[in-house]
Each structure stands twice: as structure tokens, then as C-alpha cells.
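For reference, the chains in residue letters:
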Amino acid sequence: MEILLKPLVTEKMTELSEKLNRVGFVVDRRATKIDIRRAVEKMYSVKVVSVNTMNYQGKTKSRFTKAGAINGRTVSFKKAIITLVEGDNIDFYSNI
């Protein structure tokens, strides 16, 4: 099971990483906090203080076209906010 799906690189997460040393990831919905902690520590060689998770439910969306109404649903996902030890950091922009 791939635990870390993608990092969250938004204005809000960038501000949190600068002020509070926190980073965000979209993670597998079945992953536990312990699984997420181990995956981050192994992949980025940092020490994790805490893990907070949030489950987001998909939304129902509809749009109107010439052919009529099209209904769909966005995907559900789980988000994890990782607090790192003071002095450790993860730089997502280093290999761009």
C-alpha cells in the first residue's frame, strides 16, 4: 500500500510550514497515524512529533451543457498534517 500519495503545496500549507514547521500530504484512506509517521520518517529522514488526519468526503457536482445536465462526484480523500521536530524540514521545491 502506497501511503503518501502527494504533498499538499498550497498557500495555507506553505504558511504553516514556515511558522509552525508542519507539512501536509494526501494519504491513503486506509492508512493509520502510525503508518503515516513511519512513511514520512523513512522517506524524508526527519523526526515526526505528531500526525493529525482529516477525512474529506466527495462532493456531488452537476453542470448544464447543450446535451443536458451532467452529474458527477469528486473523489473522497484523507489529508494528514505532519508536525516535525524543531530544526527538521522537508523541501518540496529542491528538485524542480
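Residues numbered from 1 in each chain as written. Predicted model: local features only at pLDDT ≥ 70, side-chain atom pairs only at ≥ 80, totals over all residues. Heavy atoms only, no water.

Asker: How would you explain unusual backbone geometry if you had to name every residue and give the values?
Answerer: With phi around 60 degrees, N21 is a residue other than glycine that occupies positive phi space. Checked against the element boundaries, N21 lands in the loop between helix 1 (11–20) and strand 2 (22–27). The phi dihedral of S45 falls on the positive side, at around 55 degrees, and the residue is not glycine. With respect to the helices and strands, the residue S45 is situated in the loop between helix 2 (33–44) and strand 3 (48–56). (Helix = DSSP H or I, 4+ residues; strand = E, 2+ residues; numbered from the N terminus.)

Asker: Pulling in residues and values, what's your account of the side chain of K79?
Answerer: Relative to the helices and strands, K79 resides in strand 6 (residues 77–84). Nearest to the buried, unbridged K79 among oppositely charged side chains is E15, at 13 Å. With residues up to four places along the chain from it excluded, the contact list for K79 reads L8, F25, N52, T53, M54 and Y56. (Buried < 20%, exposed > 50% of the residue type's maximum accessible area, 1.4 Å probe, protein only. Lys, Arg positive; Asp, Glu negative; His and termini not counted. Salt bridge = Lys/Arg side-chain N within 4 Å of Asp/Glu carboxyl O. Contact = heavy atoms within 4.5 Å.)

Asker: Give me the lowdown on the packing of aromatic side chains, citing residues and values where you can.
Answerer: Overall, the coordinates contain 2 aromatic pairs when judged by the stated rule. Taken together, a centroid distance of 4.9 Å and an interplanar angle of 10 degrees make the contact between Y56 and F77 stacked. Within this pair, whereas Y56 is found in strand 3, its partner F77 is found in strand 6, the two being separated by 21 residues in sequence. You can call F77 partly exposed: its relative accessible area is 30%. (Phe/Tyr/Trp six-rings, centres within 6.5 Å; stacked < 30°, edge-to-face > 60°.)

Asker: Give me the sheet that holds strand 2: which residues, what numbers.
Answerer: Strand order in this open sheet of 4 strands is 1-2-6-3, and the pairing throughout is antiparallel. Among the strands making up the open sheet, the edge pair consists of strand 1 (4–7) and strand 3. Within the sheet, the average angular offset between the axes of one strand and its neighbour, ignoring direction, is 30 degrees. Of the strand pairs in this sheet, strand 2 and strand 6 are connected by 6 bridges, and their pairing is antiparallel. (Pairing = 2+ DSSP bridges. Axes fitted to C-alpha atoms, helices over the stretch in contact; angles between N-to-C directions.)

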